[in-house]
There are 2 protein chains.
Amino acid sequence: MGLLVVGSLGLDTVITPFDKIEDALGGSATYISLAASYFSGPVNLVGVVGSDFPKEYMSMLENHSVDLEGLQIIEGGKTFRWTGKYHYDLNVRDTLVTDLNVFEKFDPVIPDKFKKSKYVCLGNIDPELQIKVLDQMENPQYIVCDTMNYWIEGKLDKLKELLKRVHVLIINDSEARLLAHEPNLIKASKKIREMGPETLIIKKGEHGAMLFTDDTIFSAPAYPLEMIYDPTGAGDSFAGGFIGYLFKTRDLSPNNLKCAVIYGSAMASFCVEQFSTKGLEELSYLTIQDRYREFLNLSRINETD
Amino acid sequence: MGLLVVGSLGLDTVITPFDKIEDALGGSATYISLAASYFSGPVNLVGVVGSDFPKEYMSMLENHSVDLEGLQIIEGGKTFRWTGKYHYDLNVRDTLVTDLNVFEKFDPVIPDKFKKSKYVCLGNIDPELQIKVLDQMENPQYIVCDTMNYWIEGKLDKLKELLKRVHVLIINDSEARLLAHEPNLIKASKKIREMGPETLIIKKGEHGAMLFTDDTIFSAPAYPLEMIYDPTGAGDSFAGGFIGYLFKTRDLSPNNLKCAVIYGSAMASFCVEQFSTKGLEELSYLTIQDRYREFLNLSRINETD
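Here we summarise the structure given alongside this text.

Basis of the calculations
- Residues numbered from 1 in each chain as written.
- Chains lettered and ligands numbered in written order.
- Predicted model: local features only at pLDDT ≥ 70, side-chain atom pairs only at ≥ 80, totals over all residues.
- Axes fitted to C-alpha atoms, helices over the stretch in contact; angles between N-to-C directions.
- Helix = DSSP H or I, 4+ residues; strand = E, 2+ residues; numbered from the N terminus.
- Parallel < 35°, antiparallel > 145°, perpendicular 65-115°, else oblique.
- Left-handed = near helix turned anticlockwise from the far one by under 90°.
- Contact = placed C-beta atoms within 7 Å.
- Nonpolar A, V, L, I, M, F, W, Y, C, P; charged D, E, K, R; others polar.
- Expected span 1.5 Å × (residues − 1).
- Buried ≥ 20, exposed ≤ 12 C-beta atoms within 10 Å, placed from the backbone.
- Arc of directions from axis to C-beta.
- Least-squares fit on C-alpha atoms with pLDDT ≥ 70 in both.
- Pairing = 2+ DSSP bridges.

## Regarding the packing of helix α6 (residues 173-180) of chain B against helix α7 (residues 185-194) of chain B
Residue and element names in this part refer to chain B.
Thinking step 1. The interhelical angle for the contact between α6 and α7, taken along N-to-C directions, is 60°, at an axis separation of 9 Å. The angle between the axes of α6 and α7 places the two elements in the oblique class. Once α6 is placed against α7, the crossing between them reads as left-handed. Contacts between α6 and α7 involve Asp173, Ala176, Arg177, Leu179 and Ala180 on the former and, on the latter, Leu185, Ala188, Lys191 and Ile192.
Thinking step 2. Residue classes in the contact of α6 with α7 are distributed as six nonpolar, no polar and three charged.

## What about helix α11 (residues 285-298) of chain B?
Thinking step 1. With 14 residues, α11(B) should cover 20 Å at 1.5 Å per step; its first-to-last C-alpha distance of 20 Å lies within 8% of that length.
Thinking step 2. Considered for burial, the residues of α11(B) that qualify are B:Ile288, B:Tyr292, B:Phe295 and B:Leu298. On an axial view of α11(B), the arc spanned by its buried residues comes to 110°, and they lie on one face. Those residues of α11(B) that are exposed and aimed more than 90 degrees away from the buried face are B:Leu286 and B:Asp290.
Thinking step 3. Where α11(B) is buried, its residues touch β13 (217-220) of chain A together with α1 (28-40) and α9 (254-271) of chain B.

## So, the relation of the copies chain B and chain A
Thinking step 1. Between chain B and chain A, the superposition needs a rotation of 180° and an axial shift of 0.0 Å, giving an RMSD of 0.0 Å. Between the two chains, the operation in question is that of a two-fold axis.
Thinking step 2. Here 100% of the interface residues in chain B have copies in chain A that are interface residues too; the copies meet face to matching face.

## What to know about the sheet that holds strand β9 (residues 142-146) of chain A
Residue and element names in this part refer to chain A.
Thinking step 1. Strand order across the open sheet formed by nine strands is β5-β4-β1-β8-β9-β10-β11-β12-β13, with mixed pairing between neighbours. The strands lining the two open edges of the sheet, one partner per strand, are β5 (66-74) and β13. The mean inter-strand angle of the sheet, taken between neighbouring strand axes irrespective of direction, is 15°.
Thinking step 2. Lying on the sheet, helix α8 (residues 234-249) is in contact with β1 (3-6), β8 (119-122), β9, β10 (168-172), β11 (199-203) and β12 (209-212); it crosses β9 at an angle near 175°.

## Focus: the environment of B:Arg291
Residues and elements named next belong to chain B.
Thinking step 1. Secondary-structure assignment places Arg291 in helix α11.
Thinking step 2. Residue Arg291 is classed as partly exposed on the basis of its C-beta count, with 19 C-beta atoms lying within 10 Å.
Thinking step 3. Taking the C-alpha atoms as reference, Arg291 lies 31 Å from Lys55; in sequence the two are 236 residues apart.
Thinking step 4. Among residues more than four places away in sequence, those in contact with Arg291 are Ala266 and Ser269.

## Details of the packing of α8(A) against helix α9 (residues 254-271) of chain A
All names here are of chain A.
Thinking step 1. Across the interface, α8 lies against α9 with an axial gap of 7 Å and an inter-helix angle of 140°. Taken together, the axis directions place α8 and α9 in an arrangement best described as oblique. Seen along the crossing, α8 lies across α9 with a hand that is right-handed. Residues Ala234, Ser237, Phe238, Ala239, Gly240, Gly241, Phe242, Tyr245, Leu246 and Thr249 of α8 pack against Asn256, Cys259, Ala260, Val261, Tyr263, Gly264, Ser265, Ala266, Met267, Ala268 and Cys271 of α9.

Shape is all these values report; function is a separate question.
See below:
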């Protein structure tokens, strides 16, 4: 009855002003699963890799209670690869290379023992595949999904079909503007929530995140990091922390959604402090709670008047 | 022993996707004074206009307890004029015309009765003039100043001389990065505070504002406005609300600085809801307190764990 995570696993080459790494562990499902693992015990991962995917990465995931029964390993196939370069201020990145490889023909198959998962996190993949995942689930109760401009522009019909079935959409501000055809984020949030998701989270990178529900707008600050090494995976780590905390607490009240946004933000802040998934590999729940409290302090005020 | 405000008064032509207005009241001193007037009673304004400056604008300012004894009116001169055009998303603007007119030879003279003002807000003008103002003051206790990229690039030495004498610098995020030669805002804040100001406020437009002091980082959310008509003057309204509230309460504790940041944010949010200064003309302290509380609600969370 666990938490199901579907998305990409990849080998990333990342160039930042500080360093360059090659064939590092990446992919949306990887970051989501790792971040969620600190909250929820076994994470049921579904994805695909080639036979070149390093065994040590699989061991690391398994050591974080990520159940790899749903991981397809294509014999003779090559793992999805992505190369990105970040600019000086780290707010802008260029994608230099995307080799889909085995990901091009990915057909997510949910193992029987995962089909009863009540919480589902759909990482950023083709909305057709996201729908295919939902079609295989028996009775999912809480579905969080991510998407990106590529699908908003190229597969809007399928994306809209998906959005009718999810409870939470997590996207960034430029994607929200694109999806709603509306520059004002408040108006955009209304339009997007009318498409289906009762809860919308808009990530704003270094400016934090906003949560929109029926009667709540919540603004979460960004963590004031002095050193950001690699922003790759921040959004997925956010999603993993968000759903991981909700799965752990089984409390979907507006206030607990706010807490989950802060836990998501905390996981994203750990992620960007090191290259690749390194920032998510050696945490403890106590460390995460400490950062959660530091986040709360950022906007704490003793009220007057 | 009041609050002194020095800066520009101008006639603005503003083009937005919604409308165009010509020769509307503008200028940093105008917005700062109006915003501060709701907190602090008489505001001592020092600035310059030409004889073409409409009498109705002066009456409106006087009706808001702005003392115009320090306003130089140059016979036969023309008032400073600015024309700006906002893009579709209102986050970007182009300055189309800047006619300094009488502002070109502005030499701020502080009337004797203003020289004892304890709180001083230096709007965005040439740092040489900002220094000239301070040189005329008898014993100012709290000095807030604004500046812009034009002075950071063109008069850095004078600006640095000024910064040694001020308590608070309020600038936006791109100006902070430029002044510190540092893309990371947390590192930039340390560098800038080493230049003099014990408190730094970085405005981030639609993303809110951050306050930096010795041992505090505070993140204030932006108000989720559905309708932004005209962003002109938002930063000055922020400064006016900030110093107005501090002047009213005479409490410079870290927590009260946070409250002042929220009051500043509230005044900025009123400003952008209407063209020119209209959004600041018909407020009441109760309306302002209501919005202050709405701001607090945006980041309120019942803490768990």
